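Here are the chains, one letter per residue:
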Amino acid sequence: MVRVLGALMIVAAACHTPAASTMTTPAPVAAQPTVAPPLVGPAPTQPMVVIARADVDVATVADASDAAAAKLEAFIAAHPDDTVHVPEALLRLGALHLDRADDALAGGDEAALATATAAAVTALTRLADGYPAYPRRDAALYLLGYARAQAGDDDGAVAAYAEVTAIAGSRYAAEAWFRIGETQLARDALAAAATAYAGVVAHGDPRFTPMARFKLAWVQYRTSAYPEAIAGFQAVLDLGGVDLRDEAIVYQAMALTEPDWDGDGADDPPPRGAASASVARIAAHLGDGADATRRAVAERAAGDLVDMARYPEAIATYQRLLTAPLDAETRARVEAARDRAAVLAR
């Protein structure tokens, strides 16, 4: 049975100009036990929607007015056979409409937001569909995905982002995968979310990989893929890049103390000589105890076992932890916790 901690959130960035602002996109809210605080993830540092718009001639889109849009539309209409400049004009037009949509969003004008977003979708769809050889088609598709998401068309957004990921060498691929993951996670489509976050990790982009690694591990935990989740959360702790140390420790402890990994409704049988399968798994994860984060996971897991009134398992885990190289303060704390568990077990 999966225990889920709090609500996972990621700040997905939007922008008005090439200087980034942010918009919050929450992941699904699940049942929340009281064992730890909710999870909040930092925004990626340089949202690619900023870069994609920066690729467009800023002088052309700086004036997000009806006159500027009219000039671009007139040029497009007057040159239907131009396969070089019309795609550029469509990209600029789409970016202009997205800027206008951001203005409407900031001003709380829902009607203007809907109109500008629809216009952006129209221009960028025409570009993506009509000019498959356009050199910056990946930028157009990325902005199209963003515009469709703004319009509430999640399926269309995912389709556009997926096309970006299929373009070899696209500079937008990592965040396209990330936005697919966020969309699928919000819909609780966990397998699709895992695939997308794995795509981010495979790209190795340092702006998105640490958070994607964490979210991939969280999805694996949600789907009872406990060994993979534990390894993923440990990678978050080992590799850093995101301020989610406490959450990674908590989720590892929750996975390690889950008694039924195979989902058959019964506690997994312990290896010979172990108090339980959970105790054996915690000990294996602790190893020689040289790693501070693994010691922290073991201590957290022992505390969780106490909270679940699994006192013999908690005592065994504290005893195992005391074989690790602990400083005097930690050793005293662990011994005191073990002794409290022994009292509760009577």
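We now turn to the structure provided with this report. (Residues numbered from 1 in each chain as written. Predicted model: local features only at pLDDT ≥ 70, side-chain atom pairs only at ≥ 80, totals over all residues. Heavy atoms only, no water.)

Quick look at unusual backbone geometry now. Notably, Ser 224 is not glycine yet its phi reads approximately 65°, a positive angle. With respect to the element layout, Ser 224 can be found in the loop between α10 (209-222) and α11 (226-239). Looking at Ser 224, the relative accessible area reads 32%, which means it is partly exposed. In this model, Ala 309 sits at a positive phi of 60°, which is unusual for a non-glycine residue. Summarising the element assignment, Ala 309 is placed in the loop between α14 (292-307) and α15 (311-321). (Helix = DSSP H or I, 4+ residues; strand = E, 2+ residues; numbered from the N terminus. Buried < 20%, exposed > 50% of the residue type's maximum accessible area, 1.4 Å probe, protein only.)

If you check α11, its first and last C-alpha atoms are 20 Å apart, about what 14 residues at 1.5 Å a residue would give, namely 20 Å. What α11 keeps buried is the set Tyr 226, Ala 229, Ile 230, Gly 232, Phe 233, Gln 234, Ala 235, Val 236 and Leu 237. Where the residues of α11 are buried, they touch α10, α12 (245-257), α13 (277-286) and α14. Downstream of α11 by one or two residues, Gly 240 has phi in the positive range, about 70°. (Expected span 1.5 Å × (residues − 1). Contact = heavy atoms within 4.5 Å.)

This part takes up the side chain of Arg 148. Considering the arrangement of structural elements, one finds Arg 148 in helix α6 (residues 137-150). Comment: no salt bridge for buried Arg 148; closest opposite-charge side chain is Asp 153, at 4.5 Å. (Lys, Arg positive; Asp, Glu negative; His and termini not counted. Salt bridge = Lys/Arg side-chain N within 4 Å of Asp/Glu carboxyl O.)

Any pair of aromatic rings gets described here by the distance separating the centres and the angle formed by the planes. A full pass over the atoms with the stated rule returns nine aromatic pairs. Centre to centre, the rings of Tyr 221 and Tyr 226 are 5.9 Å apart; their planes meet at 70°, and the pair counts as edge-to-face. Taking 5.1 Å as the distance between ring centres and 65° as the angle between the ring planes, the aromatic pair formed by Tyr 221 and Tyr 251 counts as edge-to-face. Note that Tyr 221 is positioned in helix α10 and Tyr 251 in helix α12, a separation of 30 residues in sequence. Accessibility classification places Tyr 221 together with Tyr 251 in one group, the buried group. Taken together, the aromatic side chains of Phe 214, Tyr 221, Tyr 226, Phe 233, Tyr 251 and Trp 261 make up a single cluster linked through ring pairs. We note Arg 281 situated over the ring of Trp 261; from NZ or CZ to the ring centre the distance is 3.8 Å. (Phe/Tyr/Trp six-rings, centres within 6.5 Å; stacked < 30°, edge-to-face > 60°. Lys NZ or Arg CZ within 6 Å of the ring centre and 35° of its normal.)

Right, let's get into the environment of Gly 240. Counting through the fold element by element, Gly 240 comes out in the loop between α11 and α12. The exposure class assigned to Gly 240 is partly exposed, which follows from its relative accessible area of 23%. Taking the C-alpha atoms as reference, Gly 240 lies 9.7 Å from Met 211; in sequence the two are 29 residues apart. Residues within four places of Gly 240 in sequence aside, it is in contact with Pro 210 and Ala 235.

Geometry only, nothing functional implied.
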